[in-house]
Amino acid sequence: MSASRTNPEPSATKLELTVQKAVNSPGLPTNTELRRWLAAALERSAAITVRFVGVAEGRTLNRTYRERDYATNVLSFDYGGAGRGHMLSGDIVLCAPVLRREARAQGKALSAHVAHLTVHGALHLQGHDHQSPSAAARMEALEKKILAKLGFADPYAGDAR
């Protein structure tokens, strides 16, 4: 497992980013790309760890915290601002093999899919959800807006939901 920490850049919204790769998976985004995607999605300063995992760890986390016995693409763990002033604190766990399989099945570049789910996870950390149709519509609209600003296509285009 490798971990690296990047220093926050001076701006109104500060991001303390830690990236962990518990799986060797070629083509994962750079820390710079992750920082750019997260910064675009954040409404306030944050300390976020992004962890890339394999299927076994993804399945264990999903079973433990969501009672669903399969590896999912993204999980978000919000730790609030306790002990960090008003800074948002949380983890975004991305299952690399699931992301790769989904991107291939959807005919998308891996980077576009990872960007989408990184933004999705950051929005969850800030309290957004998709538990109701209206909340899902708001969250999807926000994702589309952020991703367009980053130069990515609508992640829901062609989605048959």
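Note that the structure is a prediction, hence the values are computed from the model and not measured. (Residues numbered from 1 in each chain as written. Predicted model: local features only at pLDDT ≥ 70, side-chain atom pairs only at ≥ 80, totals over all residues. Heavy atoms only, no water.)

A. Spotlight on the packing of helix H3 (residues 96-106) against helix H4 (residues 110-125). The N-to-C vectors of H3 and H4 enclose an angle of 120°; their axes lie 9 Å apart at closest approach. Seen from above, H3 lies across H4 with right-handed handedness. Judged by residue contacts, Leu-99, Arg-100, Glu-102, Ala-103 and Gln-106 of H3 engage Leu-110, His-113, Val-114 and Leu-117 from H4. (Axes fitted to C-alpha atoms, helices over the stretch in contact; angles between N-to-C directions. Helix = DSSP H or I, 4+ residues; strand = E, 2+ residues; numbered from the N terminus. Left-handed = near helix turned anticlockwise from the far one by under 90°. Contact = heavy atoms within 4.5 Å.)

B. Spatial organisation of the packing of aromatic side chains. Inspection of the entire model under this criterion finds 2 aromatic pairs. Summarising the aromatic geometry, the rings of Trp-37 and Phe-152 are spaced 5.9 Å apart at their centres and angled 75° between planes, so their arrangement reads as edge-to-face. Note that Trp-37 is positioned in helix H1 (residues 31-41) and Phe-152 in the segment after helix H5 (133-149), a separation of 115 residues in sequence. Of the two residues, Trp-37 and Phe-152, neither departs from the other in class, the shared state being buried. Arranged with centres 5.1 Å apart and planes meeting at 75°, the rings of Tyr-65 and Phe-77 form a pair that is edge-to-face. Linking Tyr-65 in helix H2 (residues 55-66) with Phe-77 in strand E4 (residues 74-80), this pair joins segments that are 12 residues apart in sequence. Judged by its relative accessible area of 55%, Tyr-65 is exposed. (Phe/Tyr/Trp six-rings, centres within 6.5 Å; stacked < 30°, edge-to-face > 60°. Buried < 20%, exposed > 50% of the residue type's maximum accessible area, 1.4 Å probe, protein only.)

C. The packing of H4 against H5, seen in detail. Orientation of H4 relative to H5, taken along the N-to-C sense of each, is 130°, at an axis distance of 10 Å. Here H4 is positioned oblique relative to H5, judged by the angle of their axes. Taken as a pair, H4 and H5 cross one another with a handedness that is right-handed. Between H4 and H5, the residues in contact are Ala-115, His-116, Val-119, His-120, Leu-123 and His-124 and Met-139, Leu-142, Glu-143, Ile-146 and Leu-147, respectively. Counted by class, the contact of H4 with H5 contains 7 nonpolar, 3 polar and 1 charged residues. (Parallel < 35°, antiparallel > 145°, perpendicular 65-115°, else oblique. Nonpolar A, V, L, I, M, F, W, Y, C, P; charged D, E, K, R; others polar.)

D. Representation of the pattern of salt bridges. According to the stated counting rule, one finds 4 salt bridges in the structure shown. Its salt-bridge partner being Arg-63, residue Asp-69 comes within 2.7 Å of it at the nearest N-O pair. Owing to a relative accessible area of 38%, Arg-63 belongs among the partly exposed residues under this scheme. Taking the shortest distance from any N to any O, the salt bridge between Asp-154 and Lys-144 comes out at 3.8 Å. (Salt bridge = Lys/Arg side-chain N within 4 Å of Asp/Glu carboxyl O.)

E. Molecular detail of the environment of Leu-75. Residue placement: Leu-75 occurs in strand E4. Given a relative accessible area of 7%, Leu-75 falls into the buried group. Put simply, Leu-75 and Leu-94 are 19 residues apart on the chain and 6.7 Å apart in space, counted from C-alpha to C-alpha. Those residues in contact with Leu-75 that sit more than four places away from it in its chain are Gly-58, Leu-61, Asn-62, Arg-66, Asp-91, Ile-92 and Val-93.

F. Quick look at the pairing of strand E3 (residues 46-53). Within E3, 8 of the 8 residues are buried, leaving the element largely enclosed by the surrounding structure. In this structure, strand E2 (residues 15-21) lies alongside E3, joined through 7 bridges in parallel fashion. Paired with Thr-18 across the two strands is Thr-49, which belongs to E3. Note: E3 against strand E5 (residues 88-95), 8 bridges, orientation parallel. Bridge assignment links Ile-48 to a residue of E5, and that residue is Gly-90. (Pairing = 2+ DSSP bridges.)

Such coordinate-based values are descriptive only and should not be taken to indicate function.
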